[in-house]
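# Structure at a glance
These are the residues of each chain, in order.
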Number of protein chains: 2
Amino acid sequence: MSIVDAAAGVFCREGFAGANIDLIAAEAGVSRQTVYNHHRDKEKLFIAVVRDLTERCNAGIFATIATFPDQPGDLEADLIAFAVRLNQNCICNRDGKFLRKLIQTEGERYPELFAEWREQGPGRTWPAIAARFARLAYGGHLTIDDPDVAARQFLGLVNAELQTTFMLGGTPSEDEVVQSATSGVRTFLRAFGKRPSPTSVKRHTALANA
Amino acid sequence: MSIVDAAAGVFCREGFAGANIDLIAAEAGVSRQTVYNHHRDKEKLFIAVVRDLTERCNAGIFATIATFPDQPGDLEADLIAFAVRLNQNCICNRDGKFLRKLIQTEGERYPELFAEWREQGPGRTWPAIAARFARLAYGGHLTIDDPDVAARQFLGLVNAELQTTFMLGGTPSEDEVVQSATSGVRTFLRAFGKRPSPTSVKRHTALANA
DNA sequence: ACAAATTTAGACACTCTTGTCCAAATCGTC
DNA sequence: GACGATTTGGACAAGAGTGTCTAAATTTGT
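The structure reproduced in this document is the subject of the present report. Quantities reported herein were computed from a predicted structural model and do not represent experimental measurements.

In terms of helices and strands, chain A carries 11 helices and zero strands. In chain A, the succession of helices and strands from N to C terminus is α-α-α-α-α-α-α-α-α-α-α. Reported as C-alpha extents along the three principal axes, the dimensions of chain A are approximately 70 × 30 × 30 Å. Burial status across chain A gives 50% buried among its 210 residues. By sequence separation, contacts in chain A at least 24 residues apart represent 66% of the contacts at least 6 residues apart.

Given below as structure tokens:
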């Protein structure tokens, strides 16, 4: 395991102040001196860790966004599968857990560093997801006013059941992820889905609602 | 300011390991020795802080749940107002912010302590909110399958726009809270609200949906 | 005003951690 | 096998923090 990987784990478990360079070195399987050779001091090492996690997580998220259903066959099933992928590959995996925890615990101590994350992360991924929803709406598969809002609500819904687990730093089971995604997508489609018109493909109807 | 209050602030800012008893004493306006007189050691003090926050937050949440709209005049406006109250009085206030941060940062270090919180907090408040939604559904104002799921989705929706701010430990502005609650409730009602039947009061229709 | 309880300031021992230094060992490459 | 670069382990100084102790000061109740 690389030094940065080991450091990520220790920083997450112990926090910045509690993290011990000896322990990081031991978990990385190198001597303490090597840690200091590669990264001048504890703070530089921490910054390297966050940058590394941000990059890897972003890559994963964009790769997953690329699998967003464009020409849905069964929209419900496709969205559920997408939500599950997003959770399993980007949010519940090691990198996602670590990055989330570091942001929560040390975000206030390094405003510039995490402002960077905010721009590169949510600032780029949310619009990307919103664009995919806009495309579905344009194609007549959804009825959406504001794609940005819809995208954030989609994420809020499919993670609604996992909040407590996330808070405590736990990893939800595959079952829980599927459960939450399923009920989340169902609600999402009740709000934004087209009303049952199984035949028409190109009609771009807006359903008045009150 | 009491010792426990000062300790809450310092533990939140610095984390458990980084918190300094001298600093806590100074912010509380007492001598270090007094801190040790009241709370045997750092860990006992930390536990006292979490217990205190949990109690106060729970009290606030239940007080706010008591204002849940039972006989809604304008359901949308009533739910938005409720969501805003919940956020302002229980989640965005000092206690809420502190408790959330302590759970996120130290949750894994004190499993029993935070298991207690989980039982007393989400374990009791979520069902309470679900019960209020069930009542609205029973009264014919909403169409809900599973009130527990609906309650969690309601919370996920009205907070959907505030996630990033929460993550970084910030406090959303009143405007942001209202914005998020408004679009969240609108979506919630699109999914669970009764379809436009402005006259009938007691008809308990279930709308098939695909 | 007096006695008991509490608080205070400071000194103190102890532990832990960071970051540096250096000589010996190990590794990679030719 | 030899040479340069890297790694290693250990010692080390400096600083910071915890928790204890004590004698003096202050508060509290009566």
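This part covers the interface of chain B and chain A. Contacts between the two partners involve 40 residues from chain B, matched on the other side by 40 residues from chain A. Overall, the association of chain B and chain A removes approximately 3900 Å² of surface from exposure, summing both partners, and the carbon and sulfur fraction of that is 54%. Contact with chain A buries surface across chain B, with M167(B), L168(B) and R190(B) losing the most and accounting together for 19% of the total. Taken together, the links from chain B to chain A amount to six salt bridges. Notably, a salt bridge pairs K101(A) with E108(B), separated by 2.5 Å at the nearest N-O pair. Counting the contacts that link chain B with chain A gives 10 residue pairs in polar contact (both at pLDDT 80 or more).

Another point: the relation of the copies chain B and chain A. Between chain B and chain A, the superposition needs a rotation of 180° and an axial shift of 0.0 Å, giving an RMSD of 0.1 Å. These values place the two chain copies in the arrangement generated by a two-fold rotation axis. Minimal C-alpha distance to the rotation axis in chain B is attained by A191(B), lying at 2.1 Å. When you check the interface residues of chain B against chain A, 100% turn up at the interface there too, and the contact is symmetric in its surfaces.

Let us look at the protein's contact with DNA strand C. For DNA strand C, the set of nearby residues contains 14 residues, the closest of which are A19(A), Q33(A), S31(B), R32(B) and T34(B). Considering the 4 Å shell around the protein, atoms of DNA strand C inside it are sugar or phosphate in 68% of instances. Between DNA strand C and N20(A), the relevant distance is 3.1 Å, taken from a phosphate oxygen to a side-chain nitrogen or oxygen of the residue. Taking R32(A), its side chain carries an N or O atom lying 3.3 Å from a base oxygen of DNA strand C. Within the residue set of the surface near DNA strand C, elements represented by two or more residues are α3 (32–38) of chain A together with α3 (32–38) of chain B. Tallying contributions element by element places α3(B) first for the surface near DNA strand C, with four residues. The residue makeup of the surface near DNA strand C, split by class, is four nonpolar, six polar and four charged.

In an α-helix there are 3.6 residues to a turn, and that puts residues three or four apart on one side. With 17 residues, helix α8 (residues 122–138) of chain A should cover 24 Å at 1.5 Å per step; its first-to-last C-alpha distance of 23 Å lies within 8% of that length. Residues of α8(A) that are buried include every one of P122(A), T125(A), A128(A), I129(A), A130(A), R132(A), F133(A), L136(A) and A137(A), and no others. Packing partners of the buried residues in α8(A) comprise α4 (42–65), α5 (75–91), α7 (111–120), α9 (147–158) and α11 (174–192) of chain A together with α10 (163–167) of chain B. Once α8(A) ends, the next one or two residues include G140(A), with phi positive near 85°.

With respect to the element layout, N87(A) can be found in helix α5. On the basis of relative accessible area, N87(A) is assigned to the buried category, the value being 1%.

Let us look at the pattern of salt bridges. Inspection of every chain in the model, using the stated rule, returns 30 salt bridges over all chains. E116(A) is the salt-bridge partner of R51(A), the closest N and O atoms lying 2.9 Å from each other. Highlighted residues: R51(A) in helix α4 and E116(A) in helix α7, separated in sequence by 65 residues. Its relative accessible area of 33% is what places E116(A) among the partly exposed residues. Taken together, the salt bridges that share partners define one network made up of R13(A), E14(A), E27(A), E106(B) and R109(B).

Rules behind the numbers
- Each chain has its residues counted from 1, running along the sequence as written.
- In the order they appear in the text, chains get letters beginning with A and ligands get numbers beginning with 1.
- A pLDDT threshold of at least 70 governs which residues receive local features in this predicted model, and a stricter bar of 80 or more applies before side-chain atom pairs are shown or counted, although totals over entire chains, interfaces and linings include all residues.
- Hydrogens and water are ignored here; the side-chain numbers use all heavy atoms of the structure.
- Think of it this way: any DSSP run of H or I at least four residues long counts as a helix, any run of E at least two long counts as a strand, and we number them from the N terminus.
- Think of it in three bands: residues with accessible area under 20% of the maximum for their type are buried, residues over 50% are exposed, and the middle band is partly exposed, with areas taken using a 1.4 Å probe on protein chains only.
- Any two residues having at least one pair of non-hydrogen atoms within 4.5 Å are treated as being in contact.
- Summed over both partners, the accessible surface that disappears when two parts come together, traced with a 1.4 Å probe, is what is meant by buried area.
- A pairing counts as a salt bridge when a side-chain nitrogen of Lys or Arg comes within 4 Å of a carboxyl oxygen of Asp or Glu.
- Two N or O atoms form a polar contact when they lie within 3.5 Å of each other; inside protein one atom must be a possible hydrogen donor and the other a possible acceptor, and for residues adjacent in sequence the pair counts only when both atoms belong to side chains.
- To line up the copies, we fit them by least squares on C-alpha atoms, keeping just the residues with pLDDT of at least 70 in both.
- Note on definitions. A residue lies near a molecule or strand when any single heavy atom of the residue is within 4 Å of it.
- Here the nonpolar group is Ala, Val, Leu, Ile, Met, Phe, Trp, Tyr, Cys and Pro; Asp, Glu, Lys and Arg are the charged ones; every other residue, Gly included, is treated as polar.
- In this analysis, the expected span of each helix is defined as 1.5 Å times one less than the number of residues it contains.

Don't take any of this as a statement about function, it's just geometry.
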